[in-house]
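# Fold and geometry: a report
Here are the chains, one letter per residue:
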Amino acid sequence: MSVRSLNLDDLRCFVAVANRLSFAQAARELHLTPPVLSRRISNAERILNANLFVRDTRTVTLTGEGARLLPLAREIIEKFDKMPDEIAKGPLPVRKITCGVPPWFPPTLQNKLTALAEDNAEKFMLTQAPLVGSEIIDGILHERLDFGFVRPSSQATVLSYTTVWKQRIGAVLSRALYQSRESICVAELLALDYIGDRRDSDTEYRRDVEAELEKHGQLTRAEFTPGDAGLAKQGIASGQAFNLAPVPSPGEPSALEYDELVLVPVSDLHFRLLTCLAYRDDTAGRDRELQGVLDSLVLLFRE
């Protein structure tokens, strides 16, 4: 006979007798007659194919098999009796997930990330930590962050990078001189001075795009103090210099803050600025729930 045939009431009877070591006292506690109690114990012994008690006319003692069953039977009964209380506790606590978001994070991706978190509020709570790229990579490596968004990097080999966004690069130019232009070529840009602030959070991308520009000719750097936004603005507005910036997606506002400047796409610059989802490369094996969230993000961002 299968152990699945064992009745929970049979276990209650067994535990009551084991606690009291008396069939008569256990029967009174369970509001059963002694013959009914004896039949239930016999039924449990038959199903388990084991003798649970040694009985004579004066004493009742547990057998070795009964002693091994007792803690298991108590645990089963305790868990069964707790079910109503567990159900009444309400929804399970949601998973807390923290991601690193850089200051240049594209607005389109930001909106999708926020929407995903709102749609899955019952499953996880997403906290966005505003950090620069190096801080995001360090946070993921030391498990302060679950994932983050960075430019491609070869510095951390234990991280996986999945490209989720590609952007064209435009030239920041004088609005007075270039507002009517739909595009500009690299040769025209190389005739101007280049302003690139190497202290910003996009240093790696700037090095890559500058290398791409220099494939076409000599890149002349403007003699402006790095970080002096006022002088840089004046240099660009006068038509003497240019800077670089990502081209917004259709429907997104331009990131430029000044009316004197305009962003013009570069027609023959094939460089694409990549945004990557970064996470530990052992995530799939150690945290399937988090991997599911990452997979959802990749699909959502690529729509």
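None of the values given here were measured: they were computed from a predicted structure.

It is worth spelling out the overall build of the protein at this point. When helices and strands are tallied, the protein shows twelve helices and ten strands. Taken over the C-alpha trace, the protein has a radius of gyration of 35 Å; the compact-globule value for 303 residues is 19 Å, which it surpasses by more than 25%. Expressed along its principal axes, the backbone C-alpha trace of the protein runs to roughly 110 × 35 × 35 Å. Taking all 303 residues of the protein together, the buried fraction comes to 41%. Sequence-distant contacts, at least 24 apart, represent 74% of the contacts inside the protein between residues at least 6 apart.

Let us look at the packing of aromatic side chains. One pass over the full model with this rule turns up six aromatic pairs. Judged by centre distance (4.5 Å) and plane angle (40°), the rings of phenylalanine 105 and phenylalanine 149 are tilted. Taken together, the positions of phenylalanine 105 in the loop between strand E3 (95–101) and helix H5 (107–119) and phenylalanine 149 in strand E5 (residues 147–150) put the pair 44 residues apart, joining distant regions of the chain. Judged by relative accessible area, phenylalanine 149 falls into the buried class, the value being 0%. Relative to phenylalanine 149, the ring of phenylalanine 147 has its centre 5.9 Å away and its plane inclined at 90°; by these criteria the two rings are edge-to-face. Comparing phenylalanine 147 with phenylalanine 149 shows no difference in burial state: the two are buried. Each member of the aromatic cluster is reached from another via a ring pair, and the members are Phe105, Phe147, Phe149 and Phe301. The residue whose ring lies beneath arginine 151 is tryptophan 104, and the NZ or CZ to ring-centre distance is 3.4 Å.

What follows is about the packing of helix H1 (residues 8–20) against helix H4 (residues 64–88). Between H1 and H4, the least distance of the axes is 9 Å, while the angle of their chain directions is 125°. Classified by the interaxial angle, the pair formed by H1 and H4 is oblique. As H1 packs across H4, the resulting crossing turns out to be left-handed. Here Leu8, Leu11, Arg12, Phe14, Val15, Ala18 and Asn19 of H1 come into contact with H4, specifically with Gly66, Leu69, Leu70, Ala73, Arg74, Ile76, Ile77, Phe80 and Asp81. Its residues assigned to classes, the contact of H1 with H4 shows eleven nonpolar, two polar and three charged.

Moving on, we get to the UniProt feature "domain: HTH lysR-type" (unreviewed entry) in the protein. Taken from the UniProt record, the annotation "domain: HTH lysR-type" (unreviewed entry) applies to residues 6–63. Annotated as 62% helix and 10% strand, the span residues 6–63 places its first and last C-alpha atoms 19 Å apart.

The subject of this paragraph is the pattern of salt bridges. Note on pairing: side chains with opposite charge can pair once their charged atoms come close. According to the stated counting rule, one finds 16 salt bridges in the structure shown. Residues glutamate 75 and lysine 79 are paired through a salt bridge, measuring 3.2 Å at the closest nitrogen-oxygen approach. Of this pair, glutamate 75 and lysine 79 both sit in helix H4, four residues apart, which is roughly one turn of the helix. Judged by relative accessible area, lysine 79 falls into the exposed class, the value being 55%. Several salt bridges converge on common partners, so that one network encompasses Glu143, Arg280, Asp282 and Arg286.

Quick look at the environment of aspartate 9 now. Here aspartate 9 shows up in helix H1. Taking relative accessible area as the criterion, aspartate 9 reaches 36% and is therefore assigned partly exposed. Sequence separation of aspartate 9 and arginine 40 is 31 residues, and the distance between their C-alpha atoms is 8.1 Å.

Burial of strand E8 (residues 241–246) is extensive: five of the six residues sit out of reach of the surface. Across two bridges, the pairing between strand E7 (residues 193–194) and E8 is parallel. Bridging from a neighbouring strand, tyrosine 194 pairs with phenylalanine 242 of E8.

Turning our attention to the pairing of E5. Remember that side chains alternate between the two faces of the sheet whenever the strand is regular. Burial of E5 is two-sided: the residues Phe147 and Phe149 facing one way and the residues Gly148 and Val150 facing the other way are all buried. By the bridge criterion, three bridges tie E5 to strand E10 (residues 272–280) in an arrangement that is antiparallel. Across the sheet, phenylalanine 149 pairs through a bridge with leucine 277, a residue of E10.

This paragraph deals with a positive patch on the surface. A cluster of like positive charges, contributed by Lys166, Arg168, Arg272 and Arg302, occupies part of the molecular surface. Among the structural elements, arginine 272 can be located in strand E10.

This part takes up unusual backbone geometry. If you check the backbone angles, leucine 21 has positive phi at about 50° while not being a glycine. Within the fold, leucine 21 resides in the loop between H1 and helix H2 (23–30).

What follows concerns the side chain of threonine 275. Tracing the chain through its elements places threonine 275 in strand E10. A distance of 3.2 Å separates a polar atom in the side chain of threonine 275 from a polar atom in the side chain of arginine 151. Discounting residues that sit within four places of it in the chain, threonine 275 has contacts with Trp104, Phe105, Pro106, Leu109, Phe149, Val150, Arg151, Thr162, Thr163, Val164, Trp165 and Gln167.

Each value, and the rule that gives it
Residues numbered from 1 in each chain as written. Predicted model: local features only at pLDDT ≥ 70, side-chain atom pairs only at ≥ 80, totals over all residues. Heavy atoms only, no water. Helix = DSSP H or I, 4+ residues; strand = E, 2+ residues; numbered from the N terminus. Rg over C-alpha atoms; globule rule 2.2 N^0.38 Å. Buried < 20%, exposed > 50% of the residue type's maximum accessible area, 1.4 Å probe, protein only. Contact = heavy atoms within 4.5 Å. Phe/Tyr/Trp six-rings, centres within 6.5 Å; stacked < 30°, edge-to-face > 60°. Lys NZ or Arg CZ within 6 Å of the ring centre and 35° of its normal. Axes fitted to C-alpha atoms, helices over the stretch in contact; angles between N-to-C directions. Parallel < 35°, antiparallel > 145°, perpendicular 65-115°, else oblique. Left-handed = near helix turned anticlockwise from the far one by under 90°. Nonpolar A, V, L, I, M, F, W, Y, C, P; charged D, E, K, R; others polar. UniProt positions renumbered as here; feature names shortened; annotations may be inferred. Salt bridge = Lys/Arg side-chain N within 4 Å of Asp/Glu carboxyl O. Pairing = 2+ DSSP bridges. Patch = residues over 30% accessible without salt bridge, like charges linked within 9 Å, V, L, I, M, F, W, Y side chains within 5 Å. Areas by Shrake-Rupley, 256 points an atom, 1.4 Å probe, with all protein chains shown as cover. Lys, Arg positive; Asp, Glu negative; His and termini not counted. Charge placed at Lys NZ, Arg CZ, Asp CG, Glu CD. Polar contact = N/O pair within 3.5 Å; in protein donor to acceptor, adjacent residues only side chain to side chain.

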